Amino acid sequence: MKMRILSLLILLVNFGCVKTDDFELPTFEETDVEIDGIITNIASVKGNFNFETEAIYTFRETDTWFEAYVISSDANGNFYKEIIVQDKPEDPTAGIQILLDHNSLFETYNLGRKIYVKLDGLSLGYNNGLLQLGIQNRGDVVAIPNSLIDDHIVRSAITRDITPLDIKISDLNPDLKNLFVRLQDVQFDRNLVNENELFSFASSPVDQYDGERQLEDCETGETILMSTSTFSNFKMLLIPQGSGSIEGVLTRDFYDEHFVIVVNSPDALDMNDERCDKEYLNCGTRSSEGPNVIFEENFEGVTSNSTLNSRGWTNLNVSGGEKKFTPTLSSGNRILRISAYNTVESPLEAWLVTPPIDLNVSEMESLSFDILSSYDKGLILEVFITTDFNGNPEETEWIELDANIPLGPSSSNSTIFKRSNIDISCLEGKVWVGFRYLGSAYDKTTTYDLDNIRVTGN
């Protein structure tokens, strides 16, 4: 035995003295698997579903498969018991969600992994705005049981780099769902990253199951929400303050009300460029209220639009609908409320404008007001000021104010008002303050409560 060990050591030493350039290292080629059956594609698979009836479609035993590339990863907890796949690693045209009753799917079906899916016995269903592939169970489509996953999904040895599909927010349409996309020249809404309050991905008190953070296009101002699970392991990280790009899976929110982008990890955000914020009124940094009240409205006694009009307010819907800011009693307090929920107005643009406020009688003026946000579906309230209002907000030259628009809970009422205190001391004469709500039925329906509007000065 000792002689054999000694011979082995000598042999290893001799090999260790050989230069690496004296022989060629073996090379390995990625090999695909051989599928014995009919190969189709994702688009053809989705074509079997009838969107008019939304009836579950079950594939027969025809030995039919489709090939796809994995574009999601549950390594960081932002996807759960599912993989999202698309038809090609670059320039994809179709994607689909596959429900799998297993954790840590990334260990087997890593990002870019090519797989083959056997359709026989699987079912297509439509839930939460997405086509889902799984097993039919009592009138629903559920995850493929762990014991059957290997019967339906074959893992190829091939892994490809996934090239994001570059799109603009204005490009959003149903054909892009479940594709890996990239949005460039975007940033998070300034209300989420201002110096007084920095939001994380999904650990704010308003986040229940998912944290939704509004992104805006630097050029057009159009918006989309980034959705992050409150079970992700990066939920406590702060979202970036600059502008840049984001890469992720384009999908729908749980209630199928709007598009969202879901990232595999925080590394999917590259936002180190300067912000592209619009210009706001800048009279200075003074935020304390003066001793003299120039204008004040807390809406006590305002029970109808007639009462509001009698106090000199302008309350208009300029998009052709009927919904306006509505006098409401909330927890014993009179407020004005606006929401596109339960309307069919798309868009819904409503303006609430104060009576004229005379700044000639004071100096060092400050404007303050309180806003509460509930059932948040996007930051869709803006505040403006003007020195020349003719009664038509669309014909008025407005200056936008750097207001604090709160982020509320997505599926419940809020009780917390957020105060804005803005220096308007560089303006003179009469001014009007305008609150603009720009919502839309079904997707941008945030409810806002407005109260305690005041202008003070010395």
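Note that the structure is a prediction, hence the values are computed from the model and not measured.

Novice: Quick one: what's the story with the side chain of Gln-97, residue by residue and with numbers?
Specialist: Residue position: Gln-97 is located in strand 5 (residues 95–99). With relative accessibility at 6%, the residue Gln-97 sits in the buried group. At 2.9 Å, the side chain of Gln-97 forms a polar contact with the side chain of Gln-132. Here Gln-97 is in contact with Glu-82, Ile-83, Ile-84, Leu-130, Leu-131, Gln-132, Leu-133 and Asn-178, once residues within four sequence places are set aside.

Novice: Lay out the confidence of the model for the protein in plain terms, naming residues and giving numbers.
Specialist: With 93% of its residues at a pLDDT of 70 or more, the protein has an overall mean of 92. The low-confidence segment residues 1–23 (pLDDT under 50) makes 1 contact with residues lying over four places distant or belonging to another chain. The low-confidence segment residues 25–29, where pLDDT is below 50, has 0 contacts with residues more than four positions distant or belonging to other chains.

Novice: How would you sum up the pattern of salt bridges? Please name residues and give values.
Specialist: Under the defined criterion, the tally for this structure stands at 22 salt bridges. Two residues, Arg-337 and Asp-449, come together in a salt bridge whose shortest N-O distance is 2.7 Å. With Arg-337 in strand 23 (residues 333–338) and Asp-449 in strand 31 (residues 447–457), the pair connects residues that are 112 residues apart, well separated along the chain. Put simply, Lys-278, Glu-349, Glu-382, Glu-400 and Arg-436 are held in one network by salt bridges that share partners.

Novice: Break down the state of the cysteines for me, with residues and values.
Specialist: Overall, the coordinates contain 2 disulfides when judged by the stated rule. Covalently, Cys-218 is tied to Cys-276 through a disulfide, its sulfur atoms 1.9 Å apart. Measuring the twist about the S-S bond at about -75°, one finds the Cys-218-Cys-276 disulfide to be left-handed. Placement of the pair is Cys-218 in the loop between strand 15 (210–217) and strand 16 (223–229) and Cys-276 in the loop between strand 19 (269–273) and strand 20 (292–297), with a sequence separation of 58 residues. Taking relative accessible area as the criterion, Cys-218 reaches 28% and is therefore assigned partly exposed. A residue is classified by how much of its surface remains accessible, and Cys-276, at 29% relative accessible area, is partly exposed. A disulfide bridge connects Cys-283 with Cys-426, and the sulfur atoms are separated by 1.8 Å.

The rules behind these values
Residues numbered from 1 in each chain as written. Predicted model: local features only at pLDDT ≥ 70, side-chain atom pairs only at ≥ 80, totals over all residues. Heavy atoms only, no water. Helix = DSSP H or I, 4+ residues; strand = E, 2+ residues; numbered from the N terminus. Buried < 20%, exposed > 50% of the residue type's maximum accessible area, 1.4 Å probe, protein only. Polar contact = N/O pair within 3.5 Å; in protein donor to acceptor, adjacent residues only side chain to side chain. Contact = heavy atoms within 4.5 Å. pLDDT = per-residue confidence, 0-100. Salt bridge = Lys/Arg side-chain N within 4 Å of Asp/Glu carboxyl O. Disulfide = S-S within 2.5 Å.

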